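A structural walkthrough
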Amino acid sequence: MKKLHYSELWCSSPRYWGGLAALVFIILIGVGAAYYMEHNGHAVTGMSNQIVWGLPHVFAIFLIVAASGALNVASIGSVFGGPLYKPLGRFSGLLAIGLLAGGLVVLLLDLGRPERLIVAMTHYNFKSIFAWNIILYTGFFTIVGFYLWAMMDRKGYKYYKLTGFAAFFWRLALTTGTGSIFGFIVAREAYDEAILAPMFIIMSFSFGLAFFIITLMSAYWWASRELGDLRLAKLKNLLGVFVGAVFYFTLVYHLTNLYITQHHGIERFILLDGGVYTAAFWIGQILIGTIVPLFLVYSPAFEKNRFAIAIASLFVLVGGFFQLYVIVIGGQAYPMSLFPGKEVLESSFYDGVVASYVPSVPEALLGIGGIAVAMTLVAVGARMLKVLPDSLQDPEDECI
Amino acid sequence: MRSATGIKRFASLLLGSVLLLLSAAVLSESNVTPGSKAAGLESCVAPTAEIRRYHMLYLTHDRDLTVRQGKRNIKYSLAECIDCHAAKDDKGEYIPVDAEGQFCESCHKYTAVEPLCFQCHRTVPEEKRSALGGVQGGAAGNRSLGLLLDDDEAPSLSAQEYARLHAIVGGED
Amino acid sequence: MNRKSDQTDATRREFIHRTLLAAGAATVAPGILLTVARAGAESEGASSDTRWGMLIDTNKCAEGCSACVDACDRENGIDLLEKPEWQSEEMWNAQRPQWIRKVKLRDRQTGEITNLPMMCQHCEFPPCVDVCPTGASFKRADGIVMVDRHICIGCRYCMMACPYKARSFVHHNVTEHTVRSPRGKGCVESCNLCAYRIDHGATTTACQDACTAEGHEAILFGDLNDPNSAVAKALKQQSSRQIRADLELNTGVRYTNV
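Where an unreviewed UniProt entry is consulted, chain A appears under the name Molybdopterin oxidoreductase, with the organism given as Sedimenticola thiotaurini. Among the UniProt annotations of chain A, the heading Subcellular location (unreviewed entry) holds the following wording: "Cell membrane". On record in UniProt, under Sequence similarities (unreviewed entry), the comment for chain A is "Belongs to the NrfD family."

1. A word on the overall build of chain A
If you tally the helices and strands in chain A, you get 13 helices and five strands. A compact globule built from 400 residues should have a C-alpha radius of gyration of about 21 Å, and chain A, at 22 Å, falls within 12% of that. For chain A, the C-alpha atoms occupy an extent of roughly 75 × 45 × 40 Å along the three principal directions. Looking at chain A as a whole, 60% of its 400 residues are labelled buried.

2. Quick look at the overall build of chain B
A tally of regular secondary structure across chain B gives five helices and zero strands. For chain B, the sequential pattern of α-helices and β-strands runs α-α-α-α-α. Expressed as a percentage of the 173 residues in chain B, the buried residues total 35%. Residue pairs at least 24 apart in sequence account for 52% of intrachain contacts in chain B once pairs closer than 6 positions are excluded.

3. With respect to the environment of serine 75 of chain A
Residue and element names in this part refer to chain A. For serine 75, the location among the structural elements is in helix H3 (residues 72-78). Its relative accessible area of 0% is what places serine 75 among the buried residues. Along the chain, serine 75 and leucine 317 lie 242 residues apart, while their C-alpha atoms are 21 Å from each other. Setting aside residues no more than four positions away along its own chain, serine 75 makes contact with Phe80, Tyr147 and Phe168.

4. A closer look at the packing of helix H6 (residues 129-152) of chain A against helix H7 (residues 160-183) of chain A
Residue and element names in this part refer to chain A. With their axes 9 Å apart at the nearest point, H6 and H7 run at an angle of 155° to one another. By the angle between their axes, H6 is roughly antiparallel relative to H7. The hand of the H6/H7 crossing is left-handed. Here the contact of H6 with H7 is built from residues that sort into 18 nonpolar, seven polar and one charged.

5. Looking at the interface of chain C and chain A
Contact with chain C, which involves 64 residues of that partner, is made by 57 residues of chain A. Both faces combined, the contact of chain C with chain A buries some 5,200 Å², and carbon together with sulfur accounts for 54% of it. When the buried surface of chain C facing chain A is broken down by residue, Tyr157, Met160 and Lys165 of chain C rank first, second and third, together holding 15% of it. In this assembly, chain C and chain A are joined by seven salt bridges. Between aspartate 110 of chain A and arginine 156 of chain C there is a salt bridge; the shortest N-O distance is 2.8 Å. If you look at where chain C meets chain A, you find 44 residue pairs in polar contact (both at pLDDT 80 or more). Of all the secondary-structure elements, those providing two or more residues to the side of chain C that touches chain A are helix H3 (89-95), strand E2 (100-107), strand E3 (113-119), helix H4 (127-131), helix H5 (157-161) and strand E6 (168-169) of chain C. If one sorts the elements of the side of chain C that touches chain A by residue count, E2 of chain C sits on top with seven residues. In terms of residue class, the side of chain C that touches chain A is made up of 32 nonpolar, 16 polar and 16 charged.

6. Describing the pairing of strand E8 (residues 219-223) of chain C
All names here are of chain C. The element E8 is extensively covered by neighbouring structure, given that four of its five residues are classed as buried. With five bridges connecting them, strand E1 (residues 52-57) and E8 associate as antiparallel partners. When the sheet's bridge partners are listed, methionine 54 is paired in E8 with phenylalanine 221.

7. Some words on the packing of aromatic side chains
Here the structure, examined in full by the defined rule, presents 32 aromatic pairs over all chains. Pairwise contacts between aromatic rings join Trp53, Phe130, Phe182, Tyr191 and Phe200 of chain A together with Tyr157 of chain C into one cluster. Directly above the aromatic system of tryptophan 221 of chain A lies the positively charged group of arginine 15 of chain A, at a separation of 4.5 Å from the ring centroid. Positioned over the ring face of tyrosine 6 of chain A is arginine 90 of chain A, at 3.6 Å from the centre of the ring.

8. Focus on a nonpolar patch on the surface
All names here are of chain A. Among the surface-exposed residues, Phe25, Ile26, Ile29, Val361, Leu365 and Ile368 lie close enough to one another that they form a single nonpolar patch of about 490 Å² accessible area. Put simply, the parts of the chain that give the nonpolar patch at least two residues each are helix H1 (13-40) and helix H13 (361-384). In this structure isoleucine 29 comes out as partly exposed when scored by relative accessible area, which is 34%.

9. Thoughts on a negative patch on the surface
All names here are of chain B. A contiguous patch of negative charge, built from Asp89, Asp90, Glu93 and Glu127, is present on the exposed surface. Position of glutamate 127 relative to the elements: it lies in the loop between helix H4 (103-111) and helix H5 (159-170). On the basis of relative accessible area, glutamate 127 is assigned to the exposed category, the value being 60%.

10. Thoughts on the sheet that holds strand E3 (residues 342-347) of chain A
Strand order in the open sheet made by the three strands is E3(A)-E2(C)-E3(C), with antiparallel pairing throughout. At either end of the open sheet lies a strand with only one pairing partner, and these are E3 of chain A together with E3 of chain C. Each neighbouring strand pair of the sheet contributes to a mean axis angle of 35°, computed without reference to strand direction. Pairing analysis gives five bridges linking E3 of chain A to E2 of chain C, with the strands arranged antiparallel. The residue of E2 of chain C that forms the bridge with serine 347 of chain A is valine 103 of chain C. Seen against the sheet, helix H2 (residues 67-75) of chain C touches E2 and E3 of chain C and runs at an angle of roughly 160° to E2 of chain C.

11. A word on the layout of surface pockets
Summary: where empty space remains is shown by rolling a probe the size of a single water molecule over the atoms. As a volume, the second largest pocket reaches approximately 630 Å³. As for the second largest pocket, its lining consists of 21 residues, and the residues nearest its centre are Ser337, Phe339, Pro340 and Lys342 of chain A together with Arg108 of chain C. Ranked by residue count, the leading element in the lining of the second largest pocket is E3 of chain A, at three residues.

12. Looking at the pairing of E3 of chain C
Residues and elements named next belong to chain C. Taken across its seven residues, E3 has six buried, putting it largely inside the fold. For E2 and E3, the ladder comprises seven bridges, and the chain directions are antiparallel. Its bridge partner lying in E3, lysine 102 is registered against proline 117. As consecutive antiparallel partners, E2 and E3 are separated by five residues, and within that stretch glycine 111 has a phi angle of approximately 80°, a positive value.

13. Looking at the pattern of salt bridges
Taken as a whole, this structure holds 23 salt bridges over all chains when the rule is applied. The shortest N-O distance in the salt bridge between arginine 63 of chain B and aspartate 64 of chain B comes to 3.2 Å. Its relative accessible area of 25% is what places arginine 63 of chain B among the partly exposed residues. According to the relative accessible area criterion, aspartate 64 of chain B is buried, its value standing at 10%. Where glutamate 189 of chain C meets arginine 149 of chain C, a salt bridge forms, and the shortest distance between an N and an O atom there is 2.4 Å. Of this pair, glutamate 189 of chain C sits in strand E7 (residues 188-189) while arginine 149 of chain C sits in the loop between strand E5 (145-147) and H5, and the two are 40 residues apart along the sequence. In this pair, the class of glutamate 189 of chain C matches that of arginine 149 of chain C, namely buried. Residues joined by salt bridges that share partners form a network here, namely Arg72 of chain B together with Arg140, Asp142 and Asp199 of chain C.

14. Digging into the sheet that holds strand E9 (residues 240-241) of chain C
Residues and elements named next belong to chain C. Spatially, four strands are ordered E8-E1-E10-E9 in an open sheet, and the strand pairing comes out mixed. Either end of the sheet is taken by a strand with one partner, and the two such strands are E8 and E9. Two elements, E1 and strand E10 (residues 253-256), share four bridges in a ladder whose sense is parallel. Looking at the pairing, aspartate 57 lines up with threonine 256 of E10. Packed onto the sheet, helix H7 (residues 206-213) meets E1 and E8 and runs at close to 140° relative to E8. Each of E1, E8, E9 and E10 touches helix H8 (residues 230-237); the most contacted strand, E8, lies at about 110° to it.

15. Observations regarding the packing of helix H2 (residues 55-70) of chain A against helix H8 (residues 196-222) of chain A
Residues and elements named next belong to chain A. Two elements in contact, H2 and H8, have axes separated by 6 Å at closest approach and are oriented at 80°. The orientation of H2 with respect to H8, classified from their angle, is roughly perpendicular. Contacts between H2 and H8 involve Ile61, Phe62, Leu63, Val65, Ala66, Ser68, Gly69 and Ala70 from the first element and Phe200, Met203, Ser204, Phe205, Phe207, Gly208, Leu209, Phe211 and Phe212 from the second.

How each quantity is defined
Residues numbered from 1 in each chain as written. Chains lettered and ligands numbered in written order. Predicted model: local features only at pLDDT ≥ 70, side-chain atom pairs only at ≥ 80, totals over all residues. Heavy atoms only, no water. UniProt positions renumbered as here; feature names shortened; annotations may be inferred. Helix = DSSP H or I, 4+ residues; strand = E, 2+ residues; numbered from the N terminus. Rg over C-alpha atoms; globule rule 2.2 N^0.38 Å. Buried < 20%, exposed > 50% of the residue type's maximum accessible area, 1.4 Å probe, protein only. Contact = heavy atoms within 4.5 Å. Axes fitted to C-alpha atoms, helices over the stretch in contact; angles between N-to-C directions. Parallel < 35°, antiparallel > 145°, perpendicular 65-115°, else oblique. Left-handed = near helix turned anticlockwise from the far one by under 90°. Nonpolar A, V, L, I, M, F, W, Y, C, P; charged D, E, K, R; others polar. Buried area = accessible area lost by both parts, 1.4 Å probe. Salt bridge = Lys/Arg side-chain N within 4 Å of Asp/Glu carboxyl O. Polar contact = N/O pair within 3.5 Å; in protein donor to acceptor, adjacent residues only side chain to side chain. Pairing = 2+ DSSP bridges. Phe/Tyr/Trp six-rings, centres within 6.5 Å; stacked < 30°, edge-to-face > 60°. Lys NZ or Arg CZ within 6 Å of the ring centre and 35° of its normal. Patch = residues over 30% accessible without salt bridge, like charges linked within 9 Å, V, L, I, M, F, W, Y side chains within 5 Å. Areas by Shrake-Rupley, 256 points an atom, 1.4 Å probe, with all protein chains shown as cover. Lys, Arg positive; Asp, Glu negative; His and termini not counted. Charge placed at Lys NZ, Arg CZ, Asp CG, Glu CD. 1 Å grid on protein atoms, 1.4 Å probe; cavity = no way out; pocket = protein on both sides within 12 Å on 5 of 7 lines; lining within 4 Å. Points joined across faces, edges and corners; volume = space filled by probe spheres on them.

Now the structure itself:
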């Protein structure tokens, strides 16, 4: 087998700097949007006392979930010993750090008081999942940083297995934490389910891998390097398994709810008459995010079609975004049942009615800015560090 | 060798005394805004130098007592700072303490420290709104001003009484 | 110098001494929340011997009456907030703080109509306190659940977790402040059982006063731990219920005839 050689992402100047400039421009727009929202208060957003977490949170959770999933490729290489995945480990670690940073930036800039980050860092309420998540996020950066070093530095190689295992378990804890943010909310019928934690883990597998495939293909296209079909096919098939697993968890989640009479209302809302949320579920999550990608991944007609792989990954991401939209916003829009057996005739606080939410443009720009932050970090990181193999052509001995 | 040490000693002594003189000069100079209640008082609720150095710690400490433990008759109350240090303009209207040249702003600008208090707190004394509905006028309702209020003292604190209480703190009677 | 000022001087010295100690400790260990023991003999503060609570008789709560809501708005400076000109009435209503709200219900089966005020229920085990990452959402020793806006970062997790939708986020810029209820953009707030009044010795909340003034007397506030208080006696005599009792939060606000 040929010796693997890594090098910095190198391509013609206009191509690299042009791409980077475009990303930075998107970030600047996002920063402007965040400033606009902080200056005027959340009054200029679509968020209210009913929908307290809006589009920025969908983006942020999406990126954070994808971040831990992006690390999976590295974990498969080091924890489960998959030789075809091992060369991709470094890039996987970098992508994980980038996506998490992007997600956290969005989360932070949407706080009512982002300038009080220092308070969040110095005052901890250890009963709060949120506080635990702050520790999990910072720990993730540290551990994945060490992991990257262990992968890249000869001196660090002896820690390769150890850091690999540590990173794997930490990422499981991190996604459990993210899922538990919702899973531990007793107040709302859409949440309050322990299944949300494992469901978020499997979602992270799927979104993270989709992000990985897209960024890997873009990077190799950008640098005009060779990417073998066999490796892509492996990644693609794995993606199919993960998409199927997400679907399975979604199924169990809804079946459980359908069995519980108390939850019939929320199920009816999401599955039948919730308007935009029903559409987001059936068209966004099920059609775009599940059926189409599965077809593209498993149909023999597209076996080695790179365009189909890219589209499938993209659709998984779009579907995942809609899935989180339904969970985060749909779960809040459905009214809480304060008085079982009674209907609310009048309330100035929108009790008993479906809360309306129209996302505002700055919210979306902030979220897109977060994705750009993630991609910029990856682009700069790949340029400065030797994370990408010179060539990922398929090994000659095909029996892997 | 010996003489060099002596010169050094002398120089450091000189430098020290100059610094001491300078700081004394700074300390003796009053920065209280003319026209505020505080201008007519001998001293703040604690010696001026101490308040200058530690007011932020005192305020933070007592705010936690108030918010977290419900202790309202604290010694270092931001509302009382404002009551005492807000000056009035020609028309008799209060000027915000964080307006240019006013008590808080002048010093905080010099030290380049932005006081965040006034994002939520008043910058001028509050004219009593119909606050304590049912208990208005009762003894209980007026402990809001807190400072040094004993049971046998008048339950309602007028501006003059308030100033007098501050004067007691300052050591006059 | 008179006797009085001598005395206060002594406590003050001790107070300063302790303050400095506490401030020093806070500098050394900034991660630890600053909670200092009683700093002076003169202040009493919230005591765990007391548990403030309310009993709301929904039979007495009149339809169309909003006296409690208006009184709360006035008491806590909510009426000082103004709708920005560019904003729709609908959005303003969805975003402005509402500490207390009137709700009208109809039983799906029997058609019985109920009117009641909803506000923070001041749980013994408040979910908002559990989820708050910084500890800004907290429960006082006397059972009042409130937000310490000095360390609230505006994450709104408490609003997600509250089963009663009792909390409001300050979406707008605030120009006019009060001493009783300092308020700023970007923090969460909710009913604090008129903590300011109670701490100054009042025995009623603004909403109760307003309700009594209207002649309805639907709201009864008092110390649930004191067997001789009116509210404790009433609770002992009548059957009352907690809203969402299934969550076992042991609310401080109880309702009869719901």
